[in-house]
Every structure is written in C-alpha cells, then in structure tokens.
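Listed here are the chains, written in short residue letters.
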Amino acid sequence: MRTSVTVTHRRRVLCVFPAYAPSFGTFSHAYKLMPGVRAFMPPQGLLLIAAYMPAQWPVRVIDENIRPASAADLAWADVVLVSGMHIQAPQIRDIARRAHAAGKVVAVGGPSVSASPEMYPEIDYLHIGELGDATDALIARLDESVAPPAAQMRFETAARLALTDFPIPAYDLVPLRRYLMLTLQFSSGCPYRCEFCDIPGLYGRQPRLKTPQQITAELDAMRAQRHPPAVYFVDDNFIGNRKATREMLPHLVAWQKQHGYPLQFSCEATLNIAKQTEILALMREASFKGIFVGIETPEADALKAMRKEHNVALPMMQAIETLNRYGLEVTAGIILGLDTDSPDTEARLADFIDVSCIPILTINLLQALPKTPLWERLARADRITDDPSLESNVRFLRPYDEVIGLWRRAIARAYDPERLFARFINQVEMTYVHRITPPARGRLTWSNVKFGAIFAFRIVYYIGIKSNYRRPFWRAARHALARGQVDMAFAMAFVGHHLIEFTREALRGEQNASFYSARQQQSVPALEAPLRKSA
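Reading guide: rules and limits
- Residues numbered from 1 in each chain as written.
- Predicted model: local features only at pLDDT ≥ 70, side-chain atom pairs only at ≥ 80, totals over all residues.
- Heavy atoms only, no water.
- Axes fitted to C-alpha atoms, helices over the stretch in contact; angles between N-to-C directions.
- Helix = DSSP H or I, 4+ residues; strand = E, 2+ residues; numbered from the N terminus.
- Parallel < 35°, antiparallel > 145°, perpendicular 65-115°, else oblique.
- Left-handed = near helix turned anticlockwise from the far one by under 90°.
- Contact = heavy atoms within 4.5 Å.
- Nonpolar A, V, L, I, M, F, W, Y, C, P; charged D, E, K, R; others polar.
- Pairing = 2+ DSSP bridges.
- Buried < 20%, exposed > 50% of the residue type's maximum accessible area, 1.4 Å probe, protein only.
- Right-handed = clockwise from strand over helix to strand, strands pointing away.
- Core = buried A, V, L, I, M, F, W, Y, C linked by side-chain atoms within 4.5 Å.
- Salt bridge = Lys/Arg side-chain N within 4 Å of Asp/Glu carboxyl O.

Peer 1: Just to check I follow, could you spell out the packing of helix 7 (residues 212–222) against helix 8 (residues 242–259) for this structure?
Peer 2: Each packed pair of helices is defined by two parameters, the angle between the axes and the distance between the axes. For the pair helix 7 and helix 8, interaxial distance at closest approach is 9 Å and the crossing angle is 30 degrees. When the axes of helix 7 and helix 8 are compared, the pair comes out roughly parallel. As for how helix 7 packs across helix 8, the hand of that crossing is right-handed. From helix 7, Pro212, Gln213, Ile215, Thr216, Leu219 and Asp220 reach across to helix 8, where they touch Met248, His251, Leu252, Trp255 and His259. Here the contact of helix 7 with helix 8 is composed, by residue class, of six nonpolar, four polar and one charged.

This is the structure:
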C-alpha cells in the first residue's frame, strides 16, 4: 500500500543510497569477474520508501554503489531522501552537503539516524524509526513545503506500519542486473538480546511478519527485469518466529517448482536453527544454499558472557555438520577483542576454522554500537573511545596492539590460499553434494548462458592464469568439477578471489579490521607476506 496522506502538490523525490565501505562481506573484488555487476545488494529500505510515496510524486532511486548522484539528478529533485548505517555516516553527510549546495531539502532515515539522531545535526528532517506514522507526517510536511525548515525537525514513529501492509519495494527503479544478489524481507525483529546487537532496540524482540503471498509477489516483481539468480533474506533472524518460517517455506517451494527453480536463496539465522530439521528440509527443497551465522567465538564461556547462549544449544561442530547435511554452506561471523579473550583464543579460533571447514568468515574486531547493552556497559566503565586512529571504539581489556596483532594473524591464516581452497574442497563433500539438483529450464536462458560464458572466461584468465594462487584454485576447481559441481567451482573462484585480495589489502593497512571501523587507513607493508607464498 501507499501512504494514506492526501497530497495537493507534486514533489519530485530523489532517494539516494550512500556507498558502502569495503568489507569482507560485500565481495567487491569479485565484481570485475561478473559481467555487469557493480554493487552488492539493492537498497531494500529506500526501495520500500520509494514505493510508499504518494502516487502523484515522481520518484527516482540512485545507489551510489553503482554511480554517484549527479548535478542533474539533484537539480531534478524537490527533496532528497537518504538512508544508511553508522558506517555510511560520512557518505550520508556528503550527500546532504551536495543536496544543500544544490538548494534541496534533505531527510535522512534508516538504522543510523534511528539509533543516533544526534549524529546528523546538519540535516533538515530526521525520520526516526520504521515505516509508519512518522513517514506520513514527513510526507505531509513535504507536501506543505520543500523549503528548508527554520530548525531541524524530527519525526519519530510511534505506530509502525504492519509488515502485512508493506508495499512491494520499487525494484523497477534500480537496475537489478547490476547487483551481486537481490534482497527480500520476510520478518523484522529478533527475540534474542545479544549484548553487542542493536536489532532488538531498533526493531523489537517480537518478530513481525509478511504473508507468504507477499513474498512470492515480491519474487514475481524481481523477475520482471534481468536479475541475478541469488536472493538473500535480510531478516535479522530467519527463524525469529519458527512457526511462521515453517508455514512460509512450502509456498516458496511451490513457487520455485512452478517457475523451474530460477533462484537460489540464502539467509541469516541463529545457530540453533540446526535443531529445526523440518525447517532445514524445507529450506533444502526451496534451494537455500547459504546461511550466515553469528558464531562470534567458539568459546562457550564467551558466548554466555555476551548473552548468546543459544549458540551452544547444540555442540557447535554438530550444529554446523547438521546445516551442511542439508546443503547449507555456513558463513561465520567472528568477533575478536572480547573481554573474555585469552592467550588461548588464537589457537582455539584456528582449530575451529580447521575443524569446521567453513570457507567464509567475517573476522571483525569488537565495535560498540550506540544504544546496545554493550555500549551502555562500556560507557559506564569509560571504555568507549572516538579516537579515529584506532580500529575500534572499544578500549579492550588486552593491550590494543596485541588485539590488532591477533586479528592480522587470524585473517592471514584463514585466507592463506592453500588453507582457503582446502576448506572449499571439504565443502564439496560435506555440503554441496547434499543439495537438490533443480531443473535446468528455470535458469537456461540466453542471458544466463552469455553471463556464464563471460564469467568462466574471466575466472580462467584472472584466477586460473594470472593469479599467484592459481594452483590451489585449480586443485579445488577440479575436485568440484569432477563431482558435477560446476556452479560451485565458479562460486569458490569469485568468493576466494575477493577474500584473498581483501585480506592482502587489510594486511597492508588499506582496509579496516571491522565493518564498523572509522579508522583512516595507513600502510603496513610487512604484514602482507603470509599470503604471498602460494603460486
């Protein structure tokens, strides 16, 4: 549905999504291997807002991960809407600066301003909270005037729009073919209270849901234009409401069968999903291929300290093996710099990576996000810092240089090409062979064949010939191809390429130790050596 606000003026709305900082999780180094790909995921929140705007208001969406908003874009607009996370705050401010220079009024919404409105004193309108009555109030204000207000105005959501009333995001306003994967939201909120997480504070602990019919309608809308074959459920916890997930999945299976399995899915969930074998069986039948799990640490005492006891509901390795048996490749989030870290942490993490054979790990330093229990605890202890020369805003209990050294050694070891591709080889046997084989008709299109041919050529050229880690790559690729895992030979190539190249940059000091780090990079050339040895 669109807004219920009756408007009397025509306003041209320009939605601008700021560029992401590079990270392990955005796979930016892999884009050059994939024809046409320029960005990670579409800006789901802004596309939702764009669809909610009054029908009489023309709307454009610019994702600055694909191209910057031009002077012509800003000249066209009457109002500029921006959204983003804390890590995108400098880019949000830059968009506002450019819009103000063009004489346009600016409104910012999304998770960053909702958690910390004080971060944006220069922006005209702040939309705090989710889609709801604040959105209607902002629309009414913009209908009244698009002149800058005399003082900043804040609109805070008291009554959220039910997810069952959400419009289909305006996928038609962005070039879906330019993205690595698409995004889909089924639920919002998470019942857990992990100390470092801001999701319960922002979106609540009682998951709110869309209907299965909304989900399949959004998939139909995506397929109206050229698109990547991968869709990521952006739910904070895919099993936040297990009953609802179990009831939705048969509709997803039916949709896949009806259309010949044109898509593959991935999601984010807590590790205790391993206990939900009925859900896992349905996920396998719906062609879920990957799952991001906040492992955080293999140390049980540390998990209890951060209020993440649900990660030890089953023995961790048993849980990972269960997910693998249902064809789900695990991506693990890992945090270093915890208060519970000890001299043994490094060895335990190395053992965990080796035994679990998880190829993809996002290894970050602890960051305290505003309005989280972690932030509150550390602030009381005077352990929050805003020093821009540091990799984290947390004053660690262990010496800072020791924690940074641990992080550098951890990523160097994890993404040594020999070790990385050996873990991929293990995934062929542990995970990939357990996946369903969907019919070819849903994917056998001319555009897909052309894409695959160019993709294969670039992989062979850039990785199989030019790279100095071509030997471990070919070893893993041959293993996958011998077992009919053609898609996974491609996947391990582009994923491995990004992880290796990003790690090398991080060890040179050109990338930060956390997705949320605001540190200015500086060169540390001596630390690149561990990844140079494979050829």
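Moving on, there is more to tell.
Peer 1: When you look at the sheet that holds strand 4 (residues 105–109) in this model, what are you seeing that I'm missing?
Peer 2: Adjacent strands of a sheet form backbone hydrogen bonds with each other and so pair up, either parallel or antiparallel. Across the sheet, which stays open at both edges, the six strands sit in the order 2-1-3-4-5-6 with parallel pairing between neighbours. Both outer strands of the open sheet, strand 2 (59–63) and strand 6 (153–156), are each paired with one neighbouring strand and no more. Across this sheet, the average inter-strand angle for adjacent strands is 20 degrees, counted without regard to direction. As paired strands, strand 3 (residues 79–83) and strand 4 are joined by five bridges and run parallel to one another. Pairing of valine 80 across the sheet is with valine 106, part of strand 4. Of the strands in this sheet, strand 1 (13–17), strand 3 and strand 4 touch helix 3 (residues 89–101), which is tilted by about 175 degrees from strand 3.

Peer 1: Would you take a moment to explain the pairing of strand 12 (residues 288–296) for this structure?
Peer 2: Put simply, side chains in a regular strand alternate between the two faces of the sheet. Taking burial as the measure, the nine residues of strand 12 include eight buried ones, the bulk of the element. Relative to strand 12, strand 11 (residues 264–268) runs parallel, the two sharing four bridges. The residue of strand 12 that forms the bridge with phenylalanine 265 is phenylalanine 288. Of the crossover connections in this fold, the one passing from strand 11 over helix 9 (residues 277–285) to the parallel strand 12 is right-handed.

Peer 1: Which parts of the structure should I look at to understand the packing of helix 15 (residues 417–430) against helix 17 (residues 470–482)?
Peer 2: As a packed pair, helix 15 and helix 17 sit with axes 9 Å apart at the nearest point and diverge in direction by 5 degrees. Considering their axes alone, helix 15 and helix 17 lie roughly parallel with respect to each other. For the pair helix 15 and helix 17, the contacting residues are Pro417, Glu418, Phe421, Ile425, Val428 and Glu429 in the first and Pro472, Phe473, Arg475, Ala476, His479 and Ala480 in the second. A class-by-class count of the residues in the contact of helix 15 with helix 17 yields eight nonpolar, one polar and three charged.

Peer 1: Sorry if this is basic, but what is going on with the nonpolar core here?
Peer 2: A general trend in soluble globular proteins is that nonpolar side chains are found buried together. Counting residues in hydrophobic clusters, the biggest one holds 147 residues, and the most contacted among them are Phe233, Leu252, Met283, Phe288, Leu323 and Phe352. Discounting chain neighbours no more than four positions away, the residues touching phenylalanine 288 are Phe233, Phe238, Leu249, Leu252, Phe265, Ser266, Cys267, Met283, Gly327 and Leu328. In this structure, Val16, Ile92, Ile123 and Leu126 belong to the second largest nonpolar core, which totals 21 residues.

Peer 1: What's the story with the pattern of salt bridges in this structure? I'm lost.
Peer 2: Between side chains of opposite charge, a pair can form as their charged atoms come close. Applying the stated criterion across every chain, the model contains 25 salt bridges. Between glutamate 501 and arginine 504 there is a salt bridge, with the nearest N and O atoms lying 3.6 Å from each other. One end of the pair, glutamate 501, and the other, arginine 504, are both in helix 18 (residues 486–507), three residues apart, so they sit about a helical turn from each other. Classification of arginine 504 as buried rests on a relative accessible area of 5%. The network of salt bridges with shared partners includes Glu64, Asp94, Arg97 and Arg98.

Peer 1: Just to check I follow, could you spell out the side chain of glutamate 218 for this structure?
Peer 2: Within the secondary structure, glutamate 218 is located in helix 7. Ignoring sequence-local partners within four residues, the contact set of glutamate 218 consists of Gln44, Ile168, Pro169, Tyr171, Leu184 and Lys210.

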